[in-house]
Amino acid sequence: VQLQASGGGLVQAGGSLRLSCAASARTYIRYAMAWFRQAPGKEREFVAGIEWNIDRTDYTDSVKGRFTISRDNAKNTMYLQMNSLKPEDTAVYYCAANSLSFYGIRNVQSYDYWGQGTQVTVSS
């Protein structure tokens, strides 16, 4: 099982980036995939998630209206379109997939597989 995240980079405030997370062909996604982020000196936090079978999405309040999570089942790939980026969005972004027990889409314990992280830096 492998998750490969990509798409991070350096962007000015107000700009956009699109993150991708490709899961290997043998990855069984049971309930959800999600994006988390971790800024220096802070805990990893939930950003957005998508329930795989019913296509329901969830966002943390600070990104609602700016970020959009989506997926392509055929490609086993999840995306995060990030618009109107702010300096406080600067972090390493991780994608995650659930295959076993599920404790809620925002709970880090729900996720069994993690990507390697991709750096997003927003300059002011």
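For the structure given in this document, a descriptive report is provided here.

1. Concerning the overall build of the protein chain
Line of reasoning, step 1. Check the secondary structure of the protein chain and you find zero helices and 11 strands.
Line of reasoning, step 2. Of the regular secondary structure in the protein chain, the N- to C-terminal order runs β-β-β-β-β-β-β-β-β-β-β.
Line of reasoning, step 3. Its C-alpha atoms give the protein chain principal-axis dimensions of about 40 × 25 × 25 Å.
Line of reasoning, step 4. When the 124 residues of the protein chain are sorted by exposure, 45% land in the buried category.

2. Let's talk about the pairing of strand β9 (residues 91–97)
Line of reasoning, step 1. Judged by how many residues are buried, β9 sits mostly within the fold: six of seven residues are covered.
Line of reasoning, step 2. Relative to β9, strand β4 (residues 32–38) runs antiparallel, the two being bridged by six bridges. Directly across from Gln38, in β9, lies its bridge partner Val92.
Line of reasoning, step 3. Pairing of β9 with strand β11 (residues 118–123) involves three bridges; the strand directions are antiparallel. Each residue of the ladder has a partner; that of Tyr93, found in β11, is Thr118.
Line of reasoning, step 4. Direction of pairing for β9 relative to strand β10 (residues 113–114): antiparallel, over a ladder of two bridges. Across the sheet, residue Ala96 finds its bridge partner in β10, namely Trp114.

3. Comments concerning the pattern of salt bridges
Where charged atoms of side chains with opposite charge meet at close range, the side chains can pair.
Line of reasoning, step 1. Per the counting criterion, the structure on display carries seven salt bridges.
Line of reasoning, step 2. Between Glu51 and Arg56 there is a salt bridge, with the nearest N and O atoms lying 3.1 Å from each other.
Line of reasoning, step 3. Residues Asp55 and Arg71 are paired through a salt bridge, measuring 3.5 Å at the closest nitrogen-oxygen approach. Placement of the pair is Asp55 in the loop between β5 (45–51) and β6 (56–59) and Arg71 in strand β7 (residues 67–72), with a sequence separation of 16 residues.
Line of reasoning, step 4. Through salt bridges that share partners, Arg37, Glu45, Arg66 and Asp89 make up one connected network.

4. A look at the nonpolar core
Line of reasoning, step 1. If you look at the biggest cluster of nonpolar residues, it comprises 29 residues, and the most contacted ones within it are Met33, Trp35, Leu80, Met82 and Tyr93.
Line of reasoning, step 2. Broken down by secondary-structure element, the contributors of at least two residues to this core are β1 (3–6), β3 (17–23), β4, β5, β7, β8 (77–82), β9 and β11.
Line of reasoning, step 3. Counting seven residues, the second-largest nonpolar core is a separate cluster that includes Phe36, Phe46, Ile105 and Tyr111.

Rules and cut-offs
- Residues numbered from 1 in each chain as written.
- Predicted model: local features only at pLDDT ≥ 70, side-chain atom pairs only at ≥ 80, totals over all residues.
- Heavy atoms only, no water.
- Helix = DSSP H or I, 4+ residues; strand = E, 2+ residues; numbered from the N terminus.
- Buried < 20%, exposed > 50% of the residue type's maximum accessible area, 1.4 Å probe, protein only.
- Pairing = 2+ DSSP bridges.
- Salt bridge = Lys/Arg side-chain N within 4 Å of Asp/Glu carboxyl O.
- Core = buried A, V, L, I, M, F, W, Y, C linked by side-chain atoms within 4.5 Å.

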